[in-house]
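# Remarks on the overall topology
Now for the letters of each chain:
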Amino acid sequence: MSIGANLAEDTGSSTSSEKRRFEPPADLAAEANVTSAAYDRAAQDRLGFWAEQAERLTWAEPFTEVLDWTDAPFAKWYVGGRLNAAYNCVDRHVEAGRGDQVAFHFVGEPGDTRDITYADLKDEVSRAANALLDLGVRTGDMVAIYLPMIPEAVVSMLACARIGATHTVVFGGFSAEALASRIEDCRAKVVITADGGYRRGAPSALKPTVDDAIGKLGGNSPVDHVLTVRRTGEYVSFDDATDVWWHDVVDGASPEHTPEAFDAEHPLYVMYSSGTTGKPKGILHTTGGYLVGAAYTHHAVFDLKPGSAEEKGDVYWCTADIGWVTGHSYIVYGPLANGVTQVLYEGTPDSPHQGRWWEIVERYGVTLLYTAPTAIRTFMKWGREIPDRYDLSSLRLLGSVGEPINPEAYLWYRNVIGGDRCPVVDTWWQTETGQMMISPLPGVTAGKPGSAMQALPGIGVDVVDENGDPVPNGSSGYLVLTEPWPAMLRTLWGDKDRFVETYWARFEKQGYYFAGDGAKKDEDGDIWILGRVDDVMNVSGHRLSTSEIESALVSHPRVAEAAVVGAADETTGQAVFAYVILRSGAEEGASAGDALVHELRTHVGKEIGAIAKPRKITIVPELPKTRSGKIMRRLLRDVAENRAVGDTTTLSDPAIMAQIAGDDRAVK
Ligand code: 6R9
């Protein structure tokens, strides 16, 4: 793997031209949860610092060692410690007299709302835990969760954690095929789903996809039961041997359940994420370190002040879906461990109108908002007159995650949404890191639009060259993590070798974790993330693998070969462009080609999910390949981004690029 196109191109215009800095607001700095002393403390004794942060949690048994790194890169954090994640997220707040505080203001897309207090949450999680036990789920079993953004999604995750079952949440937009491969890989015993959820004003079915997935696995299906929440009321087919309704088994279950303490390294969840090869990676997170990392960073980066409305506690809203890691760390585990009041919204930002989010901010007095650049760019496109209609004065801090935030979007977010008073925290992290790693601290850092700035206290980050040597300020290289951190992934589910190979082999000598991103250190040593240096695309903050989409295309009978690239897109960050060679005899005229292109897009949607559908599919006679047969995606990216095609001298047939660039037969 070479540093490649992403680094050479930089994000150009934006990174170098925007020189403004925004000092922390004086009132926020004066009351900030975390000051510059945290950097000093962590620099002087990193493990001592992480031992102190562990005190945010309630441990049933104290740990005896902060980190055991003797079997690196396999880490053990908080060795010997025992705790229950659900107890930490729910029960202890009720025990501390906070049972009446709202945990979630739930807003359904059709307009239904529900306020759920910490006491309600404790009862509901306990009922669901008892129901799972009745369904035969035991400590160490796997449960797959395929739900819309409804409170039952949070309850299901916590119910699993409560009984020591490991959950794997599969994003509701994924297809039956994708769901089946995840269920099979982790051998899930139970799948929790809903009849459907609401998307863009209409019910969108989920249960039929689960039935399909289990059907695909046939006799090999590990699933004993499917537990279905009734949300839309649409008809679902029911198999009495396996299917149970949530309202039948959870609502009637006892709200009493005594949580058991598990080892700090007990598997909490597996989250599947796209890698550079076709098969998704099952990223494993465990209990103690993960919860410390999520809770500390949520407290520090959002300057979170917990408490009820009367106590003027924060009202926090993370707009991510629970199917992604951001929903895990910054809707469920971090915020609930910190006892915050938050908003949970089911639907899309434009349903039923383009002011929906701002209406919610106004209605609930949201103080902290955490979202993705792709959403911000969409709102920019819709125009500031929409948010301007609402009272957004409750907001005091804005967060960004998922992809680089270009300075234009940062400035718009700060100005239009944040009224020029809210600091913007651009937080870099990954499914693998489990917790934020690089981010400004809102009471300390003078933010630069477009930069994630510095490693958080207790985190080791560097930008290095091919040999693993740090690059000087003003230069680009590979982003690495130089020290283990509490919420780090522990392995890839069932594939230790791939874990070592993917993250630790590249800079083995130095013992660095290779993040797969390129980055630049500016003249002050602040970090600017440049994007992936591998074949992983980032579409609207979702990670998609080029080879996974290529395999989906090639699985269509008409396709001989396919190459997929992520091309820069104003709104979604990147968009999927596919170049396809048809099987001989399948060549057709332009109009028949259009129909085929439609068919191929639908096929990819079916194989992976709608988010993976290529924006554009071009049928080409040949793909640009090196003499050793490697597809030069860099050249295809040039075509997709309407640039002059770069150096073609290493191609086995340099003439091919003229044909590809000339043949623009595609739809959409
Ligand atoms: C949390 C999450 C991880 C990849 C990561 C990088 C990109 C995330 C970013 C960012 C620039 C930021 N990324 N945050 N790039 N600035 N603030 O998104 O996890 O889905 O695993 O994606 O997303 O490329 O490597 P995940």
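Quantities reported herein were computed from a predicted structural model and do not represent experimental measurements.

Cut-offs applied
Residues numbered from 1 in each chain as written. Predicted model: local features only at pLDDT ≥ 70, side-chain atom pairs only at ≥ 80, totals over all residues. Heavy atoms only, no water. Helix = DSSP H or I, 4+ residues; strand = E, 2+ residues; numbered from the N terminus. Rg over C-alpha atoms; globule rule 2.2 N^0.38 Å. Buried < 20%, exposed > 50% of the residue type's maximum accessible area, 1.4 Å probe, protein only. Areas by Shrake-Rupley, 256 points an atom, 1.4 Å probe, with all protein chains shown as cover. Lys, Arg positive; Asp, Glu negative; His and termini not counted. Charge placed at Lys NZ, Arg CZ, Asp CG, Glu CD. 1 Å grid on protein atoms, 1.4 Å probe; cavity = no way out; pocket = protein on both sides within 12 Å on 5 of 7 lines; lining within 4 Å. Points joined across faces, edges and corners; volume = space filled by probe spheres on them. Pairing = 2+ DSSP bridges. Axes fitted to C-alpha atoms, helices over the stretch in contact; angles between N-to-C directions. Polar contact = N/O pair within 3.5 Å; in protein donor to acceptor, adjacent residues only side chain to side chain. Contact = heavy atoms within 4.5 Å. Core = buried A, V, L, I, M, F, W, Y, C linked by side-chain atoms within 4.5 Å. UniProt positions renumbered as here; feature names shortened; annotations may be inferred. Near = heavy atom within 4 Å. Nonpolar A, V, L, I, M, F, W, Y, C, P; charged D, E, K, R; others polar.

## A look at the overall build of the protein chain
Helix and strand content of the protein chain: 22 helices and 29 strands. Over its C-alpha trace the protein chain gives a radius of gyration of 24 Å, about what one expects of a compact globule, namely 26 Å for 668 residues. The dimensions of the protein chain, computed from C-alpha atoms along their principal axes, are 75 × 65 × 55 Å. Sorting the 668 residues of the protein chain into buried and exposed places 63% on the buried side. About 24200 Å² of surface is accessible on the protein chain, with carbon and sulfur atoms providing 48% of the total. Of note, the protein chain has its 63 positive side-chain charges centred 3 Å away from the centre of its 93 negative side-chain charges.

## Concerning empty space enclosed by the protein
Taken as a whole, this structure holds three cavities of 30 Å³ or more when the rule is applied. In this structure, the largest cavity spans a volume of roughly 70 Å³. The wall of the largest cavity is formed by Phe-22, Glu-23, Pro-24, Tyr-410, Arg-414, Pro-423, Val-424, Pro-440, Leu-441, Pro-442, Thr-445 and Gly-447.

## Brief notes about the sheet that holds strand β19 (residues 397-401)
Spatially, β5-β4-β17-β16-β18-β19-β20 is the arrangement adopted by the seven strands of the open sheet, whose pairing is mixed. In this open sheet, the two edge strands, each paired with only one partner strand, are β5 (113-117) and β20 (424-427). Ignoring which end each strand starts from, the neighbouring axes of this sheet average 20 degrees apart. Bridge count for strand β4 (residues 102-107) against β5 is five bridges, and the pairing is antiparallel. Bridge pairing in β5 places Val-107 opposite Thr-113.

## Description of the side chain of Glu-550
Position of Glu-550 among the secondary structure elements: in helix α19 (residues 546-554). Residue Glu-550 is classed as buried on the basis of its relative accessible area, which comes to 9%. At 2.8 Å, the side chain of Glu-550 and the backbone nitrogen of Val-564 are in polar contact. Here Glu-550 is in contact with Ala-562, Ala-563, Val-564 and Arg-633, once residues within four sequence places are set aside.

## A closer look at the nonpolar core
Counting residues in hydrophobic clusters, the biggest one holds 118 residues, and the most contacted among them are Leu-121, Leu-158, Ile-322, Tyr-333 and Leu-479. Examining the composition of this core, we find that nine residues originate from one element, helix α8 (residues 151-163), more than from any other. Ignoring anything within four residues of it in the chain, the contact list for Leu-479 reads Trp-428, Ile-438, Val-461, Asp-462, Val-463, Tyr-513, Phe-514, Ala-515, Asp-517, Ala-519, Ile-527 and Ile-529. Of all hydrophobic cores here, the second largest spans 46 residues; its members include Val-170, Ile-549, Val-564 and Leu-596.

## Here we look at the UniProt feature "binding site: CoA" (unreviewed entry) in the protein chain
Following the UniProt record, one finds the feature "binding site: CoA" (unreviewed entry) at Arg-199, Arg-200, Gly-201, Ala-202, Thr-326 and Ser-540. Sequence-wise these annotated residues cover 342 residues; spatially they are dispersed, their C-alpha atoms as much as 25.4 Å apart. Among the secondary structure elements, Thr-326 is positioned in helix α13 (residues 325-337). Overall, Thr-326 belongs to the buried group, its relative accessible area being 11%. Apart from residues lying up to four places away in sequence, Thr-326 is in contact with Cys-318, Ala-320, Ile-331, Tyr-370, Val-401 and Trp-429. In this fold, Ser-540 is placed in the loop between β25 (536-539) and β26 (542-545). Reaching out from Ser-540, the side chain makes a polar contact with the side chain of Thr-374 at a distance of 3.4 Å.

## A closer look at the environment of Asp-120
Within the secondary structure, Asp-120 sits in helix α7 (residues 118-134). For Asp-120, a relative accessible area of 37% corresponds to the partly exposed category. Expressed as a C-alpha distance, the spacing of Asp-120 and Leu-544, which sit 424 residues apart in the sequence, is 37 Å.

## Points about α19
Of all nine residues that make up α19, seven are buried, and the element is covered over most of its length. Within α19, the full set of buried residues consists of Thr-546, Ser-547, Glu-548, Ile-549, Glu-550, Ala-552 and Leu-553. Backbone nitrogen of Glu-548 and a side-chain oxygen of the N-cap are separated by 2.9 Å at the start of α19; the cap is Ser-545.

## A look at the site of the ligand
If you check the shell around the ligand, you find 17 residues, and the closest are Asp-426, Thr-427, Thr-431, Asp-517 and Arg-543. Thr-431 has a polar side-chain atom sitting 2.5 Å from an oxygen atom of the ligand. At a separation of 2.6 Å, an oxygen atom of the ligand approaches a polar side-chain atom of Asp-517. Surface burial for the ligand is 97%, taken as the share of its 530 Å² of free accessible area covered by protein chains. Among the secondary structure elements, those contributing two or more residues to the shell around the ligand are α13, β20 and β24 (527-532). Taken together, the residues that form the shell around the ligand break down as six nonpolar, six polar and five charged.

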